[in-house]
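Now for the letters of each chain:
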Amino acid sequence: MNFVSLEFFVLLAAVLCLLAVAGHRAQNLILLAASFVFYGWFYWKYLALMIGISTIDYLCGLGLELTEDKTRRRWIVAAGLSANLLILAYFKYVDFLIHTNPHND
């Protein structure tokens, strides 16, 4: 889905209408679902990845909410950030590394 496509504007109109009548918690869920639809429309096979990353970040947020210990909070942030960066690095560089390996036939 492109930002200048008819599908995008239909999705945008539907989301804006839903947001206008929904409560705050429902608005967050609507925006999350709309984000997944938008991302999945482009390439649906990566939708599970997006859901997984969102789940990791949500669980880190819950962990931060449940603890007041500064050291534990830093570990939670470090774990969440590391998970996101490792996933990014894998999908950004693994193909490059595979194709530049001189021992690869």
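One structure accompanies this document, and this report is about it. Please read all numbers here as calculations on a predicted model, not as lab measurements.

Ranked by size, the top nonpolar core spans seven residues in total: Met1, Phe8, Leu11, Val15, Leu19, Ile30 and Ala34. Of all elements in the fold, only helix H1 (6-21) and helix H2 (24-42) reach the threshold of two or more residues within this core. Considering every element that reaches this core, the biggest residue donor is H1, with four residues. Residues in contact with leucine 19, not counting those within four places in the same chain, are Gln27, Ile30 and Leu31.

What follows covers the packing of aromatic side chains. Counted according to the given criterion, the structure contains five aromatic pairs. With 5.9 Å between their ring centres and 70° between their planes, phenylalanine 8 and phenylalanine 38 make a pair best called edge-to-face. Residue phenylalanine 8 is found in helix H1, and its partner phenylalanine 38 is found in helix H2; the two are separated by 30 residues along the sequence. Residue phenylalanine 8 is classed as buried on the basis of its relative accessible area of 16%. The exposure class assigned to phenylalanine 38 is partly exposed, which follows from its relative accessible area of 25%.

The computed volume of the largest pocket comes to approximately 200 Å³. At the level of elements, H2 and helix H3 (47-66) are the ones that each hand at least two residues to the lining of the largest pocket. Element by element, the count of residues in the lining of the largest pocket is highest for H2, at five residues.

Calculation rules
Residues numbered from 1 in each chain as written. Predicted model: local features only at pLDDT ≥ 70, side-chain atom pairs only at ≥ 80, totals over all residues. Heavy atoms only, no water. Core = buried A, V, L, I, M, F, W, Y, C linked by side-chain atoms within 4.5 Å. Buried < 20%, exposed > 50% of the residue type's maximum accessible area, 1.4 Å probe, protein only. Helix = DSSP H or I, 4+ residues; strand = E, 2+ residues; numbered from the N terminus. Contact = heavy atoms within 4.5 Å. Phe/Tyr/Trp six-rings, centres within 6.5 Å; stacked < 30°, edge-to-face > 60°. 1 Å grid on protein atoms, 1.4 Å probe; cavity = no way out; pocket = protein on both sides within 12 Å on 5 of 7 lines; lining within 4 Å. Points joined across faces, edges and corners; volume = space filled by probe spheres on them.

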